[in-house]
Amino acid sequence: MRKIDIFDTTLRDGEQSAGINLNTAEKLEIAKQLERFGVDVMEAGFPAASPGDLDAVRQIASTIKHSSVTGLARSVKSDIDAAWEALKVAECPRLHVFIATSPIHMTYKLKQTPEQVVETAVESIKYAKQFFPIVQWSAEDAFRSDPAFLAHIVEQAIKAGASVINLPDTVGYATPHEYGAMFKYMKENVPNVEQVKLSSHCHNDLGMAVANTLAAIENGADQVEGTINGIGERAGNAALEEVGVALYTRKDAYNVETNLTLNEIKRTSQLVSQLTGMVIQANKAVVGKNAFAHESGIHQDGVLKEPTTYEIITPELIGETSNNLVLGKHSGRHAFHERAKEMGFLLDKEALNEAFKEFKQLADRKKEITKEDLWTILTHQQLKAEETAIYELESIQVQYGTEHIPTATVQVKIPEGTVVEDACTGAGSVEAIFNALERIVDGKVNLLDYRVSSIGKGRDALGEAVVNLTFNHTEELTGRGTAQDVLEASAKAYLNAINRSLLQKQMEELVKSSV
Ligand SMILES: CC(=O)SCCNC(=O)CCNC(=O)[C@H](O)C(C)(C)COP(=O)(O)OP(=O)(O)OC[C@H]1O[C@@H](n2cnc3c(N)ncnc32)[C@H](O)[C@@H]1OP(=O)(O)O
Ligand SMILES: CC(C)C(=O)C(=O)O
Ligand SMILES: [Mg+2]
């Protein structure tokens, strides 16, 4: 099978992303991880850019043994000298030297004629070859270059000693078909092309960097360049983890292999994100937080029955521990039941269905259902299964205004099974609720304590209320209630305490009668 070399430029083109600045220690850490990931070549920096970058490239070159380390240089002797200073410690020093070949770049940026550009390119390669055993030459903005001129300069670069020829789509303008055609054209029109490896280098301005890279492979590229998480100048470079996983998953289509250790992807991606401060978008292919997350019921059910229904990549392939069935408003019973089991709740079908109903109601109101929310819902159902509710809150309505006396109207299902409604005022909304409830329950309530708190974080967290009271002069009892609204939670807590008191009384009578 044809082998594709992976050239990582996270530490050079990736670091060119606006807002990224890595120090030597950070670059070294990433370099070591890139070596574990199995990249064939890593571009450690641009040694002429600053003494700090030169030092980082030198330290990486002297540390990394299983990947070839390179640095970038303009076609300028001082840049090549700086690169040699940094890379001479490497096992097999490799230089990456470039010059632009498109009319726009030659005319406006370099202010050189095409002939002068050929001469500069050839001179720089010959100069570099005095030091470096391997020289990679890049035609910056190759894609927007005149194809015949590009073929000519590539031929001259090979004659001058380049052993890898890189043909970048520097501004991310190419379509996959066009980018592939450029490689085909070079294969057919550069007489000495078989002496070198052709390399792709794609930018993502139109979101086609990975597709273009794959098209280059289909048309004869032997090396592909890119970065971890696709970071890089402007919209970034081709994301190497996407390229690696695409080549593996669609081996049937591409029929090539790489040296990459794919299960190092997650770790590499996380490290690069952390040290560069570039957050990975949740829906990013392969490494996004949602790449293995399923939220909708139909998908969750499918994945529980057979993962390949909705997963073409296994989480383990990239070093992720498992997929993630996220519970939200689109989830279904299968996933909910599975999660309840995982959390250790052994509820019967009816209780599970009740819990699922409660979960759906909450999911409609809340952006994210947390683990704490699930605990609360499931515990509530478990307790409910163990006790008979005597008073049950049916509905609650509170009128509150700074200029008005708070009034609460409550509907409660009483032990006889009928629903009773009452209304009351109070100094505050909670007092109004408690007063209304006291009129419904049959007995004397003495409220001793009342507290509210939130379960979990965020403004949409569930509220929990705890009420301590005595009912008909029994001993003090604690009631708990949870709801998204603290007023509803308070009413539930109040009734929960009353119910517990009544249940306790029933138990005592049962014990007495059985003696
Ligand atoms: C497509 C790419 O990603 S290319 C790599 C881009 N990366 C970087 O630029 C990061 C590192 N760069 C730097 O630190 C600086 O730009 C340096 C040290 C390289 C040069 O700095 P300065 O000397 O101050 O020049 P400055 O950056 O302002 O301008 C670039 C000069 O290099 C010239 N130049 C650009 N590319 C090349 C090239 N491949 N070969 C020769 N000269 C080049 C430009 O025409 C311009 O020349 P001029 O001064 O005669 O007009
Ligand atoms: C220097 C070259 C390889 C580059 O980064 C580009 O053209 O995008
Ligand atoms: Mg680039």
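On a predicted model such as this, the values are computed, not experimentally measured, just so you know.

Participant: I'd like to hear about the overall build of the protein, residue by residue, with values.
Facilitator: Within the protein, the secondary structure is distributed over 17 helices and 18 strands. Each principal axis of the C-alpha distribution contributes one length, and for the protein these read about 105 × 50 × 40 Å. A total of 515 residues make up the protein; the buried ones form 43% of that total. Sequence separation of at least 24 residues holds for 66% of the intrachain contacts in the protein that already meet a minimum separation of 6.

Participant: Report on the pairing of strand β6 (residues 134-140), specifying residues and quantitative values.
Facilitator: Most of β6 is tucked away: six of the seven residues are buried. Of the strand pairs in this sheet, strand β5 (residues 94-100) and β6 are connected by seven bridges, and their pairing is parallel. Across the sheet, residue L95 finds its bridge partner in β6, namely V135. Both β6 and strand β7 (residues 164-169) contribute to a ladder of three bridges, which runs parallel. If you follow W137 over to β7, its bridge partner there is I165. In this view, the connection linking β6 to its parallel neighbour β7 by way of helix α6 (residues 147-160) has right-handed handedness.

Participant: Residue-level account of the site of ligand 2, with values.
Facilitator: Lining the immediate environment of ligand 2, one finds D13, L72, F98, S138, E140, N166, P168, T170, H201 and H203. Those elements that place two or more of their residues in the shell around ligand 2 are β6 and β7.

Participant: I'd like a description of unusual backbone geometry, backed by residues and values.
Facilitator: The general pattern is negative phi for most residues beyond glycine and trans for most peptide bonds. Despite not being glycine, N229 shows a phi value in the positive range, around 65°. Among the structural elements, N229 can be located in the loop between β9 (223-226) and α9 (240-249). Using a count of 29 C-beta atoms within 10 Å as the deciding quantity, one classes N229 as buried. Of note, the phi angle at N255 is positive, near 55°, even though the residue is not glycine. In this structure, N255 sits in the loop between α10 (251-254) and β10 (256-257). Given 12 C-beta atoms within 10 Å, N255 falls into the exposed group.

Participant: Please give an account of the environment of T258 that cites residues and values.
Facilitator: Inspection of the secondary structure assignment puts T258 in the loop between β10 and α11 (265-276). For the pair T258 and I6, spaced 252 residues apart in sequence, the C-alpha to C-alpha distance is 7.2 Å. In this view, T258 contacts I4, I6, G244 and L247; residues no more than four positions away in its chain are not counted.

Participant: How would you summarise the sheet that holds β7 if you had to cite specific residues and measurements?
Facilitator: Judged by pairing direction, the barrel is parallel, and its eight strands sit side by side in the order β2-β3-β4-β5-β6-β7-β8-β9 before closing back on the first. With direction set aside, neighbouring strand axes in the sheet form an average angle of 25°. Its contacts with the sheet put α6 on β6 and β7, and the angle it makes with β6 is roughly 165°.

Participant: Outline the site of ligand 1, listing residues and values.
Facilitator: Around ligand 1 lies a shell of 15 residues, among which F46, A49, R74, S75 and I99 are the nearest. Of all the secondary structure elements, the ones that give two or more residues to the shell around ligand 1 are β5 and α4 (103-110). In terms of residue class, the shell around ligand 1 is built from seven nonpolar, three polar and five charged.

Participant: Before we move on, can you summarise the UniProt feature "binding site: Mn(2+)" (unreviewed entry) in the protein with the specific residues and values?
Facilitator: UniProt records the feature "binding site: Mn(2+)" (unreviewed entry) for D13, H201, H203 and N237 in the present numbering. A maximum C-alpha distance of 10.3 Å is found for the annotated residues, which run over 225 residues; spatially they form one tight group. Tracing the backbone shows H201 in strand β8 (residues 197-202). A tally of 30 C-beta atoms within 10 Å means that H201 is categorised as buried. The residues contacting H201, other than those within four sequence positions of it, are S138, N166, P168 and E225.

Procedures and definitions
- Residues numbered from 1 in each chain as written.
- Chains lettered and ligands numbered in written order.
- Predicted model: local features only at pLDDT ≥ 70, side-chain atom pairs only at ≥ 80, totals over all residues.
- Helix = DSSP H or I, 4+ residues; strand = E, 2+ residues; numbered from the N terminus.
- Buried ≥ 20, exposed ≤ 12 C-beta atoms within 10 Å, placed from the backbone.
- Contact = placed C-beta atoms within 7 Å.
- Pairing = 2+ DSSP bridges.
- Right-handed = clockwise from strand over helix to strand, strands pointing away.
- Near = placed C-beta within 6 Å.
- Axes fitted to C-alpha atoms, helices over the stretch in contact; angles between N-to-C directions.
- Nonpolar A, V, L, I, M, F, W, Y, C, P; charged D, E, K, R; others polar.
- UniProt positions renumbered as here; feature names shortened; annotations may be inferred.

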